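Overview (structure and organization)
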Amino acid sequence: MFARLAFPRPTVAALALAAAVAALAAAPTPARAQATQRIVSSEERPDRVVHLALSKSKILDFDDEIRDILVSDPKIADAVVRSSKRLYLIGNKFGTTNVVVFGANGRAVANLEIQVEIDTGALETLLRRLMPKSNIKVEAVRGTVVLSGTVASSTDAIQAHEVASRFVGADPKLGATTTGSTGGASGSDASGSSVQVVNALTIGGKDQVMLKVTIAEIQREAVKKLGINISGSGTQGNWSGALATANTFPITPAVSPSAAAGVGGTFGPWSISANVKALEQNSLIKTLAEPNLSALSGEQAQFLVGGEYPVPVSQSSGSSGNTIGVEFKTYGIALNFQPVVLADDRINLTVKTEVSELTSDGAVTIGSLTIPALRVRRASTTLELPSGGAMVLGGLLKDDARQAIVGTPGLASVPILGTLFRSRDFQHSQSELVIFIQPLVVRPVAASKLQRPDQNFRPAGDAAAMFMGRLNRVYRTNGQSSGSGWAGRVGYIFD
């Protein structure tokens, strides 16, 4: 077993020996000597474990004289005898080996189990100085550095891992590197010199983040149609003739004209009729979605409010031929984000948000089956915000104008009279989309402080519903009316 450090009496010989050791330590050697330990020979426990830091040395003093030594793997550790009772051990690369020390008459004085590891003391001191609010413990096991304990935030955990990786020469992204006895690259076997940093740190009191997303969109659309179709027929002697024009509306074929008028007459043997179609349509659409979602720092959260619509797909069923199956596609309001709380309540966000709805524009018709299309507004990005700060995630301003004229060749180009032989289809669309996000570091609260949307809601009785036209009960407090007036300029105006 190991004994306490030996402190010889201040004699002339001891002073001379100390001067020699100091001169040896000051010499340019690849290892720096650590504290001296004394080995007391024992027949009952000949095996001893010696922890040796990489590229450093340790001095062992023996009570018995050293006549010979045996090192099982000199690549891992070297043993050098400087005097008859002093042994120097030098760690070359990570791993385990043993050193057998022989004394007089070939008797084994000690069997040393050498474990070459990383000097974790200096790394632990460095981490404690850089992150005083954290409690980080560093352990080394067969070329692997394990960081354990607690840190204040995920930023401290990442920083501790990077510092430890740089300290041992590992790549922070890969978590491992290969270092030889001089710090250069060499083999990467598990018992050699492959350095790995394992981050087992625990974040004390993880922060929770709530993300407030507001998606606001205004769509304006104007459609104008005017077309005249002329048809006529007649007979003159042995000759007969017919005329018919069908001027379509190619831009908005799904919108039927709201007004149609017909006029006709007879000119001798000829009968002529005209059909006039006209439409003017203005529409305004407002879309507002405000999904809110909370998640722990570093965790991913998903949110979807919508539905699924069936889409037929072709499937093979062997000898029975092709069959039609159904796949469901989701639509609605979707939110997916992953927050990471940094220092000073700054939040790193990876956000994906989407608002989709069914529409007839772009729908596919197969026989008697019509498959609707999706109108999608989607945004995905990564950014950094303070808690409570807001930012515009995305914006879109669209102004689309389309016009088409369909008519009879030649006749449609005649000024004024050409109006009878052509149709005009005009469409003007404007839309503006803005997406706002606001992350907040939140804390749990008592359930009594939360309010449900249906709180205090009571359906109206039969008498109030029939005679007063009410859908819910109305309560009054202290004789005051439950209604509240409006003050100032309120509402919205759209041109």
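Refer to the structure printed above.
These notes cover the structure that comes with them. All values reported here derive from a predicted model rather than from experimental measurement.

Thresholds, definitions, all that
- Residues numbered from 1 in each chain as written.
- Predicted model: local features only at pLDDT ≥ 70, side-chain atom pairs only at ≥ 80, totals over all residues.
- Heavy atoms only, no water.
- Helix = DSSP H or I, 4+ residues; strand = E, 2+ residues; numbered from the N terminus.
- Buried < 20%, exposed > 50% of the residue type's maximum accessible area, 1.4 Å probe, protein only.
- Areas by Shrake-Rupley, 256 points an atom, 1.4 Å probe, with all protein chains shown as cover.
- Expected span 1.5 Å × (residues − 1).
- Pairing = 2+ DSSP bridges.
- Axes fitted to C-alpha atoms, helices over the stretch in contact; angles between N-to-C directions.
- Core = buried A, V, L, I, M, F, W, Y, C linked by side-chain atoms within 4.5 Å.
- Contact = heavy atoms within 4.5 Å.
- Salt bridge = Lys/Arg side-chain N within 4 Å of Asp/Glu carboxyl O.

**Points about the overall build of the protein chain**
- Along its length, the protein chain carries four helices and 24 strands.
- When burial is assessed residue by residue, the protein chain has 30% of its 495 residues classed as buried.
- A total of about 31,000 Å² of accessible surface is found on the protein chain, and carbon and sulfur atoms cover 54% of it.

**Quick look at helix α3 (residues 154-168)**
- Helix length check: α3, at 15 residues, gives a terminal C-alpha distance of 21 Å against a target of 21 Å (1.5 Å per residue), a fit within 8%.
- Looking one or two places after α3, you find Gly169, whose phi comes out positive at around 85 degrees.

**Let's talk about the environment of Ala110**
- If you trace the backbone, Ala110 turns up in strand β8 (residues 108-117).
- Ala110 sits eleven residues away from Val99 along the chain, and the two C-alpha atoms are 8.2 Å apart.

**Let's talk about the sheet that holds strand β4 (residues 68-71)**
- Pairing in this open sheet of four strands is mixed, and the strands run β2-β8-β7-β4 from one edge to the other. Only two strands of the sheet have a single neighbouring strand rather than two, namely β2 (47-53) and β4. Strand-to-strand twist in this sheet, taken as the mean axis angle between neighbours without regard to direction, amounts to 25 degrees.
- Two elements, β2 and β8, share seven bridges in a ladder whose sense is parallel. What sits directly across from Asp47, in β8, is Asn111.

**Digging into unusual backbone geometry**
- With a phi close to 65 degrees, Ile416 is a non-glycine residue in the positive phi region.
- For Ile416, a relative accessible area of 73% puts it in the exposed group.
- Within the chain, Asn456 stands out as a residue other than glycine whose phi angle is a positive 65 degrees.
- Examined against the element boundaries, Asn456 turns out to sit in the loop between β24 (422-442) and α4 (462-468).

**Considerations on the pairing of strand β21 (residues 346-366)**
- As judged from the 17 bridges shared by β21 and strand β22 (residues 369-386), these two strands associate in the antiparallel manner. Counterpart to Ser356 in the pairing with β22 is Val376.
- Joining the antiparallel neighbours β21 and β22 is a turn of two residues, in which Gly367 adopts a positive phi near 65 degrees.

**Re the nonpolar core**
- Ranked by internal contacts, the top residues of the largest apolar core, which has 23 residues, are Leu211, Phe337, Leu349 and Ile437.
- When residues of this core are traced back to their parent elements, those giving at least two are β14 (208-236), β18 (292-296), β20 (322-341), β21, β22 and β24.
- Non-local contacts of Leu349, meaning those with residues more than four positions away in its chain, are made with Leu211, Phe337, Gln338, Pro339, Thr381, Thr382, Leu383, Ile437 and Pro439.
- Formed by 19 residues, the second largest nonpolar core is a distinct cluster that contains Leu123, Leu127, Ala140 and Leu201.

**Thoughts on the pattern of salt bridges**
- Applying the stated criterion to the full structure yields eleven salt bridges.
- Measuring nitrogen to oxygen at the nearest pair gives 3.6 Å for the salt bridge that ties Glu65 to Arg67.
- For Glu327, the salt bridge goes to Lys329, with nearest N and O atoms at 3.9 Å.
- Take Glu327: its relative accessible area is 40%, and that puts it in the partly exposed class.
- Note on Lys329: relative accessible area 38%, which makes it partly exposed.
- Salt bridges linked by common partners bring Glu217, Glu357, Arg375 and Arg377 together as one network.

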